[in-house]
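A structural walkthrough
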Number of protein chains: 2
Amino acid sequence: MPPNTSPAVVLERAAAACTARGLAFTPIRQRVLQLLLEHGKGLKAYDLLALIKAEQPGATPPTVYRALDFLTEHHLAHKIERNATFVACTQENHVEPSLFLVCPKCSAITELQDRSVMQALCRALAAAGHQLDNPEVEIGATCPNCKGS
Amino acid sequence: MPPNTSPAVVLERAAAACTARGLAFTPIRQRVLQLLLEHGKGLKAYDLLALIKAEQPGATPPTVYRALDFLTEHHLAHKIERNATFVACTQENHVEPSLFLVCPKCSAITELQDRSVMQALCRALAAAGHQLDNPEVEIGATCPNCKGS
DNA sequence: GGCATGGATGTAATGTTATAACATCGCCCT
DNA sequence: AGGGCGATGTTATAACATTACATCCATGCC
């Protein structure tokens with residue numbers, strides 16, 4: 001996979017994945033994913049709502065929350081809990097758990113897959129009698145751009 | 001340290017730490033920490049507010065948020081971002097980063113220190129050009145009690 | 001003593017994030 | 001045609017958090 005997959009390609013993959021699984025990739029859902037992809041960094045639900053509203057004045061919170069629920073449920077987007085933002089998933093293959101590096105300064109999100117960290121983590125969890133719950137692990141980490149400042 | 005340090009001991013340690021650092025461990029702050037300790041698992045700010053209000057009817061959101069800000073700023077408590085709960089810190093020595101295991105079912109919080117996981121994590125972050133931001137890393141992990149169900 | 005200072009708290013209002021509940025639409029299937 | 005069902009529209013409200021400004025009170029200084 002190229003370092004930065006273009007929004008168009010990701011969208012197309014998402015459409016294909018939905019078709020394959022019998023899911024409805026409706027215009028709203030598609031548009032929300034597109035906005036997330038175009039924006040790049042995490043977007044808040046109400047920012048998204050404002051963008052949608054510009055095109056579709058009747059939009060309300062449920063409009064975007066429902067689309068986001070769909071996208072996150074089907075692993076086309078992720079919710080970053082720590083700052084209540086949403087980000088498009090750009091990993092083709094989402095069987096492996098990912099680390100999400102969230103920059104506290106600029107809110108940029110970097111999705112990172114690292115087998116050895118995950119193994120160490122799962123081992124430690126198992127030793128404590130726990131079990132990794134969801135494959136999205138958020139880490140607060142200053143990004144390269146903000147590290148200097 | 002014994003496996004479960006008693007609330008009284010932790011409170012006393014907190015009071016000592018504040019005195020040593022010239023901080024005001026006021027009744028409200030003390031009471032909030034005490035409630036967190038007694039409760040054991042994560043408490044939401046408004047649950048805490050309800051408890052405080054029972055004793056002090058004039059309490060409002062800022063009353064508890066200010067106490068929580070104080071406690072988290074001075075590492076006497078932690079905020080669990082993923083479900084907006086707060087938990088007392090029970091580790092005596094908070095120089096080392098900790099993992100916070102958050103059970104998605106029952107919201108129990110387990111604080112875990114594991115050097116090897118942290119080292120693996122920091123190595124992976126460094127390789128990606130990032131730097132660990134805060135020493136509190138949250139992991140969604142089903143707890144031993146909920147694992148069966 | 002008088003009084004300025006600054007941290008802590010009181011108080012009111014508001015901002016931000018998320019969901020509940022119910023109505024309606026449109027498609028597919030028979 | 002009509003039933004079923006998933007998606008969407010619509011209204012209201014719940015849940016979480018902050019801003020802004022007023023007040024209080026302990027301390028230190030004149």
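Report on the accompanying structure. Positions within a chain are numbered from 1, following the residues in the order the chain's sequence is written. Ligands are numbered from 1 and chains lettered from A, in the order in which they are written. Reporting in this predicted model follows two pLDDT cut-offs: at least 70 for local features of residues, and 80 or more for side-chain atom pairs to be given and counted; totals over whole chains, interfaces and linings ignore these cut-offs and use all residues. Side-chain measures here rest on the full set of heavy atoms in the structure, leaving out hydrogens and waters.

**Considering the overall build of chain A**
Counting its secondary structure elements, chain A contains six helices and seven strands. Listing each helix as α and each strand as β along chain A from the N terminus yields α-α-β-α-α-β-β-β-β-α-β-β-α. Here the C-alpha radius of gyration of chain A, 16 Å, is about what a compact globule of 149 residues would show, namely 15 Å. Along the first, second and third principal axes, the C-alpha set of chain A runs to 50 × 45 × 30 Å. A 1.4 Å probe rolled over the protein chains alone gives each residue an accessible area, and that area as a share of the maximum for its type sets the label: buried under 20%, exposed over 50%, partly exposed in between. Burial statistics for chain A: of 149 residues in total, 45% are counted as buried. With the model as given, the accessible surface of chain A reaches about 7,500 Å², and the carbon-plus-sulfur share is 53%. Each helix corresponds to a stretch of at least 4 residues labelled H or I by DSSP, and each strand to a stretch of at least 2 residues labelled E; elements are numbered beginning at the N terminus. A radius of gyration in this sense is built from C-alpha atoms; the matching globule rule multiplies 2.2 Å by the number of residues raised to 0.38. In short, Shrake-Rupley with a 1.4 Å probe defines the accessible areas, and a residue's cover is counted only from the protein chains shown.

**Considering the protein's contact with DNA strand D**
Whether a residue is near a molecule or strand depends on its heavy atoms: if one lies within 4 Å, it is near. In the neighbourhood of DNA strand D, 16 residues make up the surrounding shell, with Thr26(A), Arg66(A), Lys44(B), Tyr46(B) and Lys79(B) lying closest. Protein-adjacent atoms of DNA strand D, using a 4 Å cutoff, are sugar or phosphate at a proportion of 46%. Under the rule applied, a polar contact is a pair of N or O atoms within 3.5 Å (in protein, one hydrogen donor and one hydrogen acceptor; residues adjacent in sequence only if both atoms are side-chain atoms). In this structure, Tyr46(B) approaches DNA strand D through a side-chain N or O atom, which is 2.6 Å from a base nitrogen. Looking at the surface near DNA strand D, the elements with two or more residues in it are helix 2 (27–39) and helix 4 (61–73) of chain A together with helix 4 (61–73) of chain B. For the surface near DNA strand D, the element with the highest residue contribution is helix 4 of chain B, accounting for four residues. Of the residues contributing to the surface near DNA strand D, the split by class is eight nonpolar, three polar and five charged. Only Asp, Glu, Lys and Arg are considered charged in this grouping, and only Ala, Val, Leu, Ile, Met, Phe, Trp, Tyr, Cys and Pro are considered nonpolar; every other residue, Gly among them, is considered polar.

**Observations concerning the protein's contact with DNA strand C**
Near DNA strand C, the surroundings consist of 16 residues, among which Tyr46(A), Lys79(A), Thr26(B), Thr60(B) and Arg66(B) are the closest. Taken together, the sugar and phosphate atoms account for 46% of what DNA strand C places within 4 Å of the protein. Note that a phosphate oxygen of DNA strand C is positioned 2.9 Å from one of the side-chain N or O atoms of Lys44(A). Measuring from a phosphate oxygen of DNA strand C, one finds a side-chain N or O atom of Lys79(A) at 2.8 Å. Secondary-structure elements contributing two or more residues to the surface near DNA strand C are helix 4 of chain A together with helix 2 (27–39) and helix 4 of chain B. For the surface near DNA strand C, the element with the highest residue contribution is helix 4 of chain A, accounting for four residues. Of the residues assigned to the surface near DNA strand C, the class counts are eight nonpolar, three polar and five charged.

**Quick notes on the relation of the copies chain B and chain A**
In this structure, two copies of a chain are linked by a rotation about an axis accompanied by a shift along it. Least squares is the method used to superpose the copies, on C-alpha atoms of residues holding a pLDDT of at least 70 in both. By a simple turn and slide, chain B fits onto chain A: the slide is 0.0 Å along the axis, the RMSD is 0.1 Å, and the turn is 180°. What the rotation and shift describe, once combined, is the action of a two-fold rotation axis. Taking the C-alpha atom as reference, chain B places Arg82(B) closest to the rotation axis, 2.7 Å from it. Interface residue correspondence from chain B to chain A reaches 100%, placing this contact among same-surface, isologous pairings. Any two residues having at least one pair of non-hydrogen atoms within 4.5 Å are treated as being in contact.

**Thoughts on the state of the cysteines**
In protein chemistry, a disulfide is the covalent bond that joins the sulfur atoms of two cysteines. Throughout, a disulfide means two cysteine sulfur atoms within 2.5 Å of one another. Throughout the structure, instances matching the rule amount to zero disulfides over all chains. Looking at the unpaired Cys103(A), the closest cysteine sulfur is the one in Cys106(A), lying at 3.7 Å. Take Cys122(A): it sits in no disulfide, and the sulfur closest to it among the cysteines is that of Cys103(B), at 16 Å. According to the relative accessible area criterion, Cys122(A) is partly exposed, its value standing at 35%.

**Here's the deal with helix 1 (residues 7–21) of chain B**
Residues and elements named next belong to chain B. Its 15 residues place the ends of helix 1 21 Å apart at the C-alpha level, agreeing with the 21 Å of an ideal helix rising 1.5 Å per residue. Listed in full, the buried residues belonging to helix 1 are Val 10, Leu 11, Ala 14 and Cys 18. End-on, the buried residues of helix 1 take up no more than an arc of 100°, which puts them together on one face. Turned more than 90 degrees off the buried face of helix 1, the exposed positions are Ala 8, Glu 12, Thr 19 and Ala 20. Working rule for helices: expected span equals 1.5 Å times residues minus one. As used here, the arc is the angular range of directions from the helix axis to the C-beta atoms.

**Examining the pattern of salt bridges**
Residue and element names in this part refer to chain A. The term salt bridge refers to a pairing of a side-chain nitrogen on Lys or Arg with a carboxyl oxygen on Asp or Glu at a separation within 4 Å. Using the criterion set out here, one finds four salt bridges over all chains in the structure. Among the ionic pairs, Glu 55 bridges to Arg 31, the shortest N-O distance being 2.6 Å. Taken together, the positions of Glu 55 in helix 3 (residues 45–55) and Arg 31 in helix 2 put the pair 24 residues apart, joining distant regions of the chain. The class for Glu 55 is partly exposed, based on a relative accessible area of 44%.

**Topic: the pairing of strand 7 (residues 136–142) of chain A**
Counted residue by residue, strand 7 of chain A has seven buried out of seven residues, so it is predominantly covered. Should DSSP find at least two bridges between two strands, the strands are taken to pair. Inspection of the sheet shows strand 4 (residues 98–102) of chain A paired to strand 7 of chain A by five bridges, in the parallel sense. For Ser98(A), the partnering residue across the bridge sits in strand 7 of chain A and is Glu136(A). Pairing of strand 7 of chain A with strand 6 (residues 131–132) of chain B, which is carried by two bridges, proceeds in the antiparallel orientation. When the sheet's bridge partners are listed, Ala141(A) is paired in strand 6 of chain B with Leu132(B).

**Points about the environment of Gly148(B)**
By the element assignment, Gly148(B) lies in the segment after helix 6 (144–147). As a C-alpha pair, Gly148(B) and Gln119(B) span 29 residues in sequence and 31 Å in three-dimensional space.

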